[in-house]
Amino acid sequence: MASRPVLTAALTALAPVSWGTTYAVTTQFLPPDRPLFTGLMRALPAGLVLLSLARVLPRGAWWWKATVLGALNIGAFFPLLFLSAYRLPGGMAAVVGSIGPLIVVGLSAVLLGQRPTARSVVTGAVAAFGVSLVVLKAAGALDPVGVLAALASTASMSTGTVLTKRWGRPDGVGPLALTGWQLTVGGLLIAPVAFLVEGAPPALDGRAVGGYLYLALANTAIAYWLWFRGIGRLTATQVTLLGPLSPLTAAVVGWAALGQALTPVQLAGMGLAFGATVAGQLRVRPAGVQTFSSTERNGRKDSMDVMSPELRR
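Residues numbered from 1 in each chain as written. Predicted model: local features only at pLDDT ≥ 70, side-chain atom pairs only at ≥ 80, totals over all residues. Heavy atoms only, no water.

**Looking at the overall build of the protein**
In terms of regular secondary structure, the protein is built from 15 helices and zero strands. For the protein, the proportion of its 313 residues judged to be buried stands at 47%. Within the protein, counting contacts between residues at least 6 apart in sequence, those at least 24 apart form 87% of the total. Accessible area for the protein stands at about 15,200 Å²; split by element, carbon and sulfur atoms hold 68% of it. (Helix = DSSP H or I, 4+ residues; strand = E, 2+ residues; numbered from the N terminus. Buried < 20%, exposed > 50% of the residue type's maximum accessible area, 1.4 Å probe, protein only. Contact = heavy atoms within 4.5 Å. Areas by Shrake-Rupley, 256 points an atom, 1.4 Å probe, with all protein chains shown as cover.)

**A few points about helix 4 (residues 62-75)**
For helix 4, which comprises 14 residues, the first-to-last C-alpha distance of 17 Å sits more than 12% below the rise-based estimate of 20 Å (1.5 Å per residue). Within helix 4, burial applies to Trp62, Lys65, Ala66, Leu69, Gly70, Leu72, Asn73, Ile74 and Gly75. Where helix 4 is buried, its residues meet helix 3 (35-54), helix 5 (77-87), helix 9 (144-167), helix 10 (175-198) and helix 11 (206-233). (Expected span 1.5 Å × (residues − 1).)

**Points about the packing of helix 5 against helix 9**
Between helix 5 and helix 9, the shortest axis-to-axis distance is 8 Å and the interhelical angle comes to 150°. The pairing of helix 5 with helix 9 is recorded here as roughly antiparallel in orientation. As helix 5 packs across helix 9, the resulting crossing turns out to be left-handed. Contact residues: helix 5 offers Phe77, Leu80, Leu81, Leu83, Ser84 and Arg87, while helix 9 offers Val145, Gly146, Ala149, Ala150, Ala152, Ser153, Ser156 and Met157. A breakdown of the residues in the contact of helix 5 with helix 9 according to their chemical character gives nine nonpolar, four polar and one charged. (Axes fitted to C-alpha atoms, helices over the stretch in contact; angles between N-to-C directions. Parallel < 35°, antiparallel > 145°, perpendicular 65-115°, else oblique. Left-handed = near helix turned anticlockwise from the far one by under 90°. Nonpolar A, V, L, I, M, F, W, Y, C, P; charged D, E, K, R; others polar.)

Okay, structure coming up:
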């Protein structure tokens, strides 16, 4: 039983690890200066594939809930993220994005009734500081629009994560269908913006087709399925504290595949961020909670019955 949360966290972590490869794939395989088209090609094909596999459509209130979640997690998040990345210098967008765990801690208190703990706040702050050491380059002028876009993208994804946890899933509907709904809605929202801002789709060669296939299937369909599956099984704070693995993976890929150097400061930041991510997956049993061994259980309730609902989640 103890290994199941560890396995769930490990599988969920594959999502931000996959997202950390997006920059390298985009710069090495895809047409330049088409971030919205790339967002569209990530979201809509992946959503349609998952819908064809799940063969389940929303019902009742889930039509508007899926629309809200799709807008927050995909439709607004992708364009805002790309806008911030293009307008901010050297990794600043990733630094702003790394405060997501702190936003989730605050939203979880309001929407989920989960009291913030000192450990969740500290681990979130340490993770953000570690990411800043890894990705922040030489100082440059901060574009106000870029900063606002970065904050908005982080707030959008954080809100979507907490609402996904709050609303759960309809009876009989798995994470595959829920992910398909959101990716499809998000892709449909991005499509008109992409064509309005960037015009007609670019010509694609074999490398670009391969890059888009990777982004749509592994980087989006599978990764977001793992992400939303994790939200259903872990706390919102645990899930979002896996987010720093994305910029850390991007730094490792840049070093291994693109020949980018890693300084001692960056390595120290990676250690801090990774340590905070691991610490964020641990749960502390509140004082006063009793558990019993199998030999002590005779005539008593199972130890899970005397734990708080939060521990049994």
